[in-house]
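One-letter residues, chain by chain:
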Amino acid sequence: MRPFRPSRRGLLQSAATLAGGALAAPLVARHALAADAIKVGSLLDLSGPIGSSGQAMHATIRLAVDELNAGGGLLGRQVELVNYDTQSTIQLYSQYAQQLALKDKVAVVHGGITSASREAIRPVFDRYATLYFYNVLYEGGVCDRDCFCTGTTPAQTVNKLVPYALETWGKKAYIIAADYNYGQITAKWMGKYVRDGGGTVQATEFFPLDVTEFAATISKIQQAGPSVVLSALVGSNHTAFYRQWAAAGMKDKIPIASTTFGLVNEIATIAPSESNGVVTSYGYYEELSTPASTAFTKAVRAKFGDGLPYISELACATYEGFKLWAEGVKKAGSLDRMKVTEALETGIAVDGPSGKVTIDHATHHVVRNAYLARAAERKWDVFQSYPDQAPADTAAVCDLIKEPKLSKQFVIDVKT
Amino acid sequence: MALTGLILFNIANSIAVLVLLSLGLGVIYGMMRVINLAHGEFLMLGAYTTVVSANAGLNLWVAMLVAAPLAVGLFGLAVERLFIRFLYGRIIDTMLATWGLSLAVVGLITTIFGTTVRGVSAPFGGFAIGGYQTSVYSWFVIAVAAAMAAGVWLVLRFTKFGLIVRATMQNPDMAAALGVSPQWIYMMTFALGSALAGLAGGVLAPVSGVSPVMGGAFIARAFITVLGGGPAIVTGTGLASGLFGSISEVATFFTTPVFGQVALLLAALVMIRILPQGITGSGLTGRLLRRSL
Amino acid sequence: MTGWASFAAMVAAGLVVLLGLPLVFDLFGLLQMTVFAAMAVLALSQGFIWGYGGIMSFGQTAFFGLGGYTYAVAVMNMGDSTVPVLLSVLLPTLFAALLGYFMFYGRISDAYIGVITLTVTVILFNVVNSTAGDFYTIGNAPLGGFNGMPSVPPLNVPGDPSSPLDPQQTWYAAMGALLLVYILLRAVLASRFGRVVVAIRENETRAQLLGYDTRLYKLIVFAIGGGIAGLAGCLYANWGSFISPTVFGLATSAQVLIYVLVGGLGTLLGPILGAVGIQYLISVIGAQEMVNANLVLGAVLVVFVLLVPQGLVPVVQGLFRRVPGVRRGQVAEAAPVEVEL
């Protein structure tokens, strides 16, 4: 076969022109900003498998920056967001973290989605003295004075979800979780709270993130006959579990309580017949009807449209994390890392969409509200709230007041 | 007893899913020695076609069984005309091009539909085997997989098109000398393989998490199944699906999902060590099945 | 150019980069080039076994990751980084030799070697991924599962753990390693052993009939490739002070293949340039918000394979020689002297 050969030069030239234009544009835009703007870094996966979590977080931090600038900026200066798409790649997290710290010299970095990404960049910011905010709910245990974690941890949410499930549905639990740190540690906490509540764990199963077939598991669950299934499944592949569960006609037979369902738009993507009745516990729901929450969701939807995925705790905590940092800077009257850290450690609080959010000095985590909600017709019906929940899990192992030099993630020994 | 029935049913379902995932890839690889690394994205496009057209009001069955294979088949045709036809005989280049294509398609779908899309749910509901609930939809999945495999086999074995395709596969120059255009056959084969992938994606859409990156979860399994099957497209893919599907399902049921996955991979390793040309290409099975399709 | 002249020119160019870069780059630029150099070493390993040995490995990342993890675990236990570096080369070499014995002495065909190597790296990913929790601790080093191992100690002056290398010295180490591997591979290819390896790639049956045990030759090539990939893993873990199971992932292994193909199969310079070029492109794409990163990268690859199918280095060589560019299929058949760079 003699394949046809197109004119290489012509194609190459036009391709180069296109690429050059596309790549140069954002650089120009960036330089056009005021030279003395305060730079704030954002590192989120906006493409690749984890991109679905990053989109809404990216939207809310942009909203927070714009609101701040509209109100006169910070310390009399405008704030400029320096954003990199880490493309769901750990190497790019390290690379861009170095870039933000050394080249862009940002005042603070908000970002990281998976725990692995956080652990990759946390040491970089420690080494190059850059303040870092991790705004995602996670398994708990990070103890680092240069880092603030503003998402919920198991003591704040799992500790509400499991007792509710035991009281409502019965004492026998079957735990299914994603096979990595978050899932494994969350499953331990679930087990602890089940036993604390006088229940029994029939089995705990872990699923690699690329598992899409759940027929065998659904059979095993029926064989065990639990009164509730506790799920910490993660990602769009695992969404298949809820669909296959419903397709097998199990949905109305055994209820599901989850620590992850709905974080990435599941509530909108799968049918009400598959999701109705699932109970979750997070630090925020888009449906919260407080004035602060409605104003926030209205602003986000006005700016980014209805195409944006569900505004979950991830997006809300990112917004609140930025506001906490801004408050810290205002109080310190400076961008200096230590001054801002010390200001934040005085217990700075903001009234965010989720309610009052307060920095806890000892753990560098936050005290915040937790909520219980039930899925109903593509919405979350928030039926219970728990004000001012402390990060008790991390507090059990981490005290930065006594040991300010610590910089590690404890694997909390979950005792029964 | 009921439990045994349930496990057997699950095994059948698991085999059917593997056949669905890999047959399209097997047709393209078996006929043309083109490893289509964008195969997972072809499945994803099938799922998207189903979901988007069903949400737009099209009947679910039409969306799944007609729209999905049609749309992805046409897409495959375009891909073949635009890229693949320049690259025949260069197996590495086709892999690179299709890998690039897979990235670009993921990017394109994300740009158009966002990172998530409203799915469709499985029709039918559940039924009971003894005291155990399971899904009626699985019957449908099994039926489609069986029909797909039988259809490809019948076309290859009994139609004139099948005869020409087999001849071209064996000796393209001779076929060309006899007045067949290998270019045309390759084009049609690629479109057929793509359509099969589209159909599979459509059928699996109601029981999968539909997202732009869903193809990534399928490609490794499909790849291993096709190569494990060896040169005979239908028999090989069918046997390899049967073997790997049973092993992973049984291992998952009696141990853990992690071990189920590792067991599948280990089985593939051991099998390739014993039968280096795949099930239908070497060893006793190879001799028995040498003339199969 | 004769073989010797081109070799001398390449080494000189390498030395200029090694010594000159710290003078013109700031700290960030130097750090970025350090990781590019580490990945270039990995690309060299792939380029060597594939382009010269004709072995189609889809899983060089298995040895890359193994090297990284070996270094991390060993250095956390030993403190001094000298032995860990050696281990990070030795262990992947042995593992590659073992796997190579399984494959080559089992007479497994080319496409299936691809599947097996791919499967091995996927299995390693799954295994390391499920090592969260205190139970999976080797000495002082928790493996950490999906979260990976943070705060891996950096390289230090051999024998003196109290003086770790600063970023500039780390650059010298990474670029120096790249240059050494390049020189080593050029030496191997120029030797009698290297000629036989290329002969096997060209026609395995003929080489066998001439009395060479092709299985052994392939095994050695594969083991060398494994060791080099292990070294790359060590440099990578050292650059980011971090290692996580994604180093075993399919995305990484596919990317390495891309480096080699874009740079030019059957050359040594090609994989190096491919690694640097593609990584630079990826990091530039992530800094813009207009187009989806996957879309750009995918389009670039497709355009590339259609327009520059034989890779950059052979094309440039072709321009210099004023001969029409050869297609990749033919590059493999060309005499090795012509494409040695």
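**Quick word on the overall build of chain C**
Looking only at helices and strands, chain C has 15 helices and two strands in total. Over its C-alpha trace chain C gives a radius of gyration of 20 Å, about what one expects of a compact globule, namely 20 Å for 341 residues. Along the three orthogonal principal directions, the C-alpha set of chain C runs to about 55 × 50 × 40 Å. When each of the 341 residues of chain C is scored for burial, the buried share is 54%.

**Describing the overall build of chain B**
The helix and strand inventory of chain B stands at 12 helices and two strands. Each helix and strand of chain B, placed in order from N terminus to C terminus, yields the pattern α-α-α-α-β-β-α-α-α-α-α-α-α-α. At 19 Å, chain B has a C-alpha radius of gyration in line with the 19 Å of a compact globule built from 293 residues. C-alpha atoms of chain B, sized along the principal axes, occupy 65 × 50 × 35 Å. Counting across all 293 residues of chain B, residues that qualify as buried make up 62%. In chain B, of all internal contacts separated by at least 6 residues, the share reaching a separation of at least 24 is 74%.

**Re the environment of B:L96**
Relative to the elements of secondary structure, B:L96 occurs in helix 4 (residues 91-113). Residue classification places B:L96 among the buried positions, given that 23 C-beta atoms sit within 10 Å. Sequence spacing of B:L96 and B:V234 is 138 residues, and the spatial spacing of their C-alpha atoms is 26 Å. With residues up to four places along the chain from it excluded, the contact list for B:L96 reads C:I258, C:L261, C:L301 and C:V305.

**Description of the interface of chain B and chain C**
Think of interface size as the accessible area that goes away when the parts come together; that is how it is often given. Counting from both sides, the interface comprises 31 residues of chain B and, opposite them, 31 residues of chain C. At the level of secondary structure, the elements contributing two or more residues to the side of chain B that touches chain C comprise helix 4, helix 9 (215-229) and helix 11 (257-274) of chain B. Sort the elements by how many residues they give to the side of chain B that touches chain C and helix 4 of chain B lands first, with 15 residues. Tallied by class, residues from the side of chain B that touches chain C come to 21 nonpolar, seven polar and three charged.

**Things to note about the confidence of the model for chain B**
When pLDDT is averaged along chain B, the result is 87; 99% of the residues meet or exceed 70. Ranking the elements of chain B by mean pLDDT puts helix 12 (residues 283-288) of chain B last, at 74, and helix 3 (residues 60-82) of chain B first, at 94.

**What to know about the nonpolar core**
Soluble globular proteins tend to bury their nonpolar side chains together. Among the nonpolar cores identified, the biggest contains 349 residues, and B:L20, C:V41, C:L44 and C:A232 are the most heavily contacted of them. Top contributing element to this core by residue count: helix 1 (residues 2-32) of chain B, with 18 residues. Two domains share this core, each providing at least three of its residues, namely domain 1 (36-152 + 287-369 + 392-409) and domain 2 (155-282) of chain A.

**Digging into the interface of chain B and chain A**
Taken together, the contact between chain B and chain A spans 42 residues of the former and 47 residues of the latter. Of all the elements in the fold, those that place two or more residues in the side of chain B that touches chain A are helix 1, helix 4, strand 2 (132-135), helix 9, helix 10 (233-254) and helix 11 of chain B. The element contributing the most residues to the side of chain B that touches chain A is helix 1 of chain B, with six residues. Tallied by class, residues from the side of chain B that touches chain A come to 17 nonpolar, 22 polar and three charged.

**A look at the environment of A:I311**
Position of A:I311 relative to the elements: it lies in the loop between helix 11 (291-304) and helix 12 (313-332). Not counting residues within four places of it along the chain, the set of residues in contact with A:I311 comprises A:A56, A:E286, A:T297, A:V300 and A:C316.

**Brief notes about the packing of helix 1 of chain B against helix 8 (residues 182-204) of chain B**
All names here are of chain B. Interhelical geometry of helix 1 versus helix 8 gives an angle of 170 degrees and a closest axis separation of 7 Å. Taken together, the axes of helix 1 and helix 8 lie roughly antiparallel to each other. Counting all contacts with helix 1, which are made through L20, L21, L23, G24, V27, I28, M31 and M32, the residues of helix 8 involved are Y186, T189, F190, L192, G193, S194, L196, A197, A200, V203 and L204. The residue inventory of the contact of helix 1 with helix 8, partitioned by class, reads 15 nonpolar, four polar and no charged.

**Regarding the confidence of the model for chain C**
Residue and element names in this part refer to chain C. For chain C, the mean per-residue pLDDT works out to 86, and 93% of the residues sit at or above 70. Note that pLDDT drops below 50 for residues 323-340; the model gives that stretch 36 contacts with residues more than four away or on any other chain. Taken over the whole predicted complex, pTM reads 0.83, whereas the ipTM for its chain interfaces reads 0.82.

**Things to note about the sheet that holds strand 2 (residues 79-85) of chain A**
Residues and elements named next belong to chain A. If you walk across this open sheet you meet the five strands as 2-1-3-4-6, and the pairing is parallel. This sheet does not close on itself; its edge strands, each paired only once, are strand 2 and strand 6 (147-149). This sheet shows a mean twist of 20 degrees between the axes of neighbouring strands, independent of strand direction. Across seven bridges, strand 1 (residues 38-44) lies against strand 2 in parallel orientation. If you follow V40 over to strand 2, its bridge partner there is L81. Each of strand 1, strand 3 (108-111), strand 4 (131-134) and strand 6 is contacted by helix 4 (residues 115-127), which is oriented at about 160 degrees to strand 4, the strand it contacts most. Relative to strand 3, helix 12 is tilted by about 165 degrees, and along the sheet it contacts strand 3 and strand 4.

**Quick word on helix 11 (residues 269-285) of chain C**
A rise of 1.5 Å per residue sets the reference length of helix 11 of chain C, with its 17 residues, at 24 Å; its end C-alpha atoms lie 24 Å apart and thus fit the reference within 8%. Taken together, the buried positions of helix 11 of chain C are occupied by C:L269, C:G270, C:P271, C:I272, C:L273, C:G274, C:A275, C:I278, C:Q279 and C:I285.

**Considerations on helix 3 of chain B**
Residues and elements named next belong to chain B. Taking 1.5 Å as the rise per residue, helix 3 with 23 residues should run 33 Å; its terminal C-alpha atoms sit 31 Å apart, in good agreement. Taking the largest bend as the criterion, helix 3 deviates by roughly 40 degrees, centred on A67, and proline P69 comes between one and four positions later. Turning to helix 3, its buried residues are A63, M64, A67, A68, P69, A71, V72, G73, F75, G76, V79 and E80. In this fold, the buried residues of helix 3 make contact with helix 2 (39-55), helix 4 and helix 8.

**Some thoughts on unusual backbone geometry**
Residues and elements named next belong to chain A. You will see that A129, though not glycine, has its phi angle at about 50 degrees, which is positive. Following the sequence through the fold, A129 ends up in the loop between helix 4 and strand 4. Here N265, not a glycine, exhibits a phi torsion of approximately 75 degrees, which is positive. If you trace the backbone, N265 turns up in the loop between strand 10 (256-258) and helix 9 (266-269). Under the C-beta neighbour-count criterion, N265 is labelled buried, with 25 such atoms within 10 Å.

**Points about the pairing of strand 9 (residues 228-232) of chain A**
Residues and elements named next belong to chain A. With five of five residues buried, strand 9 is to be regarded as a mostly interior element. Of the two faces of strand 9, the one carrying V228, L230 and A232 and the one carrying V229 and S231 are both buried. With five bridges connecting them, strand 7 (residues 172-178) and strand 9 associate as parallel partners. From the neighbouring strand, I175 faces strand 9, where its bridge partner is L230. When strand 9 meets strand 10, the two strands line up parallel, connected through three bridges. Within the sheet, the bridge partner assigned to L230 lies in strand 10 and is A257. Read as a crossover between parallel neighbours, the route from strand 9 over helix 8 (residues 236-247) to strand 10 is right-handed.

Quick notes on the rules
- For every chain, the first residue of its written sequence is number 1, and the numbers climb from 1 along that sequence.
- Chain letters and ligand numbers both follow the written order, the letters beginning at A and the numbers at 1.
- pLDDT decides what is reported in this predicted model: residues at 70 or higher carry local features, side-chain atom pairs at 80 or more are listed and counted, and totals for whole chains, interfaces and linings draw on all residues regardless.
- Only DSSP runs of H or I reaching four residues or more are called helices, and only runs of E reaching two or more are called strands; each is numbered from the N terminus.
- We compute the radius of gyration from the C-alpha atoms alone; for a globule the expected value is 2.2 Å times N to the 0.38, where N is the number of residues.
- Our exposure labels follow a C-beta count within 10 Å of each residue's own C-beta, placed from the backbone: buried means 20 or more other C-beta atoms, exposed means 12 or fewer, and partly exposed covers the counts in between.
- Contact between two residues is assigned whenever their backbone-derived C-beta positions fall within 7 Å.
- The residue classification treats Ala, Val, Leu, Ile, Met, Phe, Trp, Tyr, Cys and Pro as nonpolar and Asp, Glu, Lys and Arg as charged. All others, Gly included, are polar.
- Scored between 0 and 100, pLDDT is the confidence that the predictor attaches to each residue.
- Think of a nonpolar core as buried Ala, Val, Leu, Ile, Met, Phe, Trp, Tyr and Cys residues chained together by C-beta atoms that fall within 7 Å.
- These domain boundaries are the output of an automatic or database domain assignment.
- Between N-to-C directions, angles cover 0 to 180 degrees, with each direction set by a line fitted to C-alpha atoms, over the stretch in contact for helices.
- Should an angle lie under 35 degrees it is considered roughly parallel, over 145 roughly antiparallel, and from 65 to 115 roughly perpendicular; all remaining angles are considered oblique.
- In this description, strands pair whenever DSSP reports at least two bridges between them.
- The span one expects for a helix is its residue count, reduced by one, times 1.5 Å.
- The bend reported for a residue corresponds to the angle between axes fitted to the seven residues ending at that residue and the seven starting there.
- Handedness of a crossover: with both strands directed away from the viewer, a clockwise path from the first strand across the helix to the second marks it as right-handed.

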